[in-house]
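# Secondary and tertiary structure notes
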Amino acid sequence: RPDDELTAGSLEDALGRLEEGCAVHTDGGGNYRSARWKGVCEANGLVRSMSRKAKSPDNARAEGFFGRLKVEFFYGQDWSGVTMEEFMGRLDAYLSWYRDGRLKSDLGYMSPAQYRRSLGLAA
């Protein structure tokens, strides 16, 4: 159950890994509008990004990606004993595969990187 201690506390714990100017995206939950959350963001130069209420298309691509990430990468794995460094390495490998190797039907069975190159948007 997310409460202010969980949400703002998790953000505070992550500060060492976030750069100033980093966007912190959340849903429109009240915990992300709290004085504590806002204060942590402001004090550390983080940009707050929030989905607009009743505007699901506003965030559909991001939500779709994170849903797929959870299904393909996170769920069904035994994460016990996995260090943070090992987890981040596995996540980095998944993201590289997602960008460079995973073929998507809505991109004409190209990877996102291949699709961007085909449009002249990437080298």
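Residues numbered from 1 in each chain as written. Predicted model: local features only at pLDDT ≥ 70, side-chain atom pairs only at ≥ 80, totals over all residues. Heavy atoms only, no water.

### Brief notes about the layout of surface pockets
Over the atoms, a rolling probe the size of a water molecule traces out where space has been left empty. Approximately 1,000 Å³ is the volume found for the largest pocket. Considering the residues around the largest pocket, the lining is formed by 27 residues, among which Val24, His25, Thr26, Tyr32 and Phe66 are closest to the centre. Secondary-structure elements contributing two or more residues to the lining of the largest pocket are helix H1 (4–14), strand S1 (23–26), helix H3 (60–74) and helix H4 (84–100). If you tally residues by element for the lining of the largest pocket, the top one is H3, at eight residues. Classifying every residue of the lining of the largest pocket by side-chain character gives 17 nonpolar, six polar and four charged. Its volume calculated, the second largest pocket comes out at about 370 Å³. Put simply, the parts of the chain that give the lining of the second largest pocket at least two residues each are H3, H4 and helix H5 (112–118). The dominant element in the lining of the second largest pocket, judged by the number of residues it contributes, is H3, at four residues. For the lining of the second largest pocket, the per-class residue count stands at six nonpolar, one polar and six charged. (1 Å grid on protein atoms, 1.4 Å probe; cavity = no way out; pocket = protein on both sides within 12 Å on 5 of 7 lines; lining within 4 Å. Points joined across faces, edges and corners; volume = space filled by probe spheres on them. Helix = DSSP H or I, 4+ residues; strand = E, 2+ residues; numbered from the N terminus. Nonpolar A, V, L, I, M, F, W, Y, C, P; charged D, E, K, R; others polar.)

### Things to note about the environment of Trp97
Counting through the fold element by element, Trp97 comes out in helix H4. In this view, Trp97 contacts Glu72 and Arg102; residues no more than four positions away in its chain are not counted. (Contact = heavy atoms within 4.5 Å.)

### A closer look at the nonpolar core
If you look at the biggest cluster of nonpolar residues, it comprises eight residues: Ala8, Leu11, Val24, Tyr32, Trp37, Val40, Cys41 and Leu46. Discounting chain neighbours no more than four positions away, the residues touching Val24 are Leu11, Trp37, Leu46, Val47, Arg48 and Ser49. Among the nonpolar cores identified, the runner-up in size contains five residues, and Leu69, Phe73, Trp79 and Tyr98 belong to it. (Core = buried A, V, L, I, M, F, W, Y, C linked by side-chain atoms within 4.5 Å. Buried < 20%, exposed > 50% of the residue type's maximum accessible area, 1.4 Å probe, protein only.)

All quantities given are derived from atomic positions and should not be read as evidence of function.
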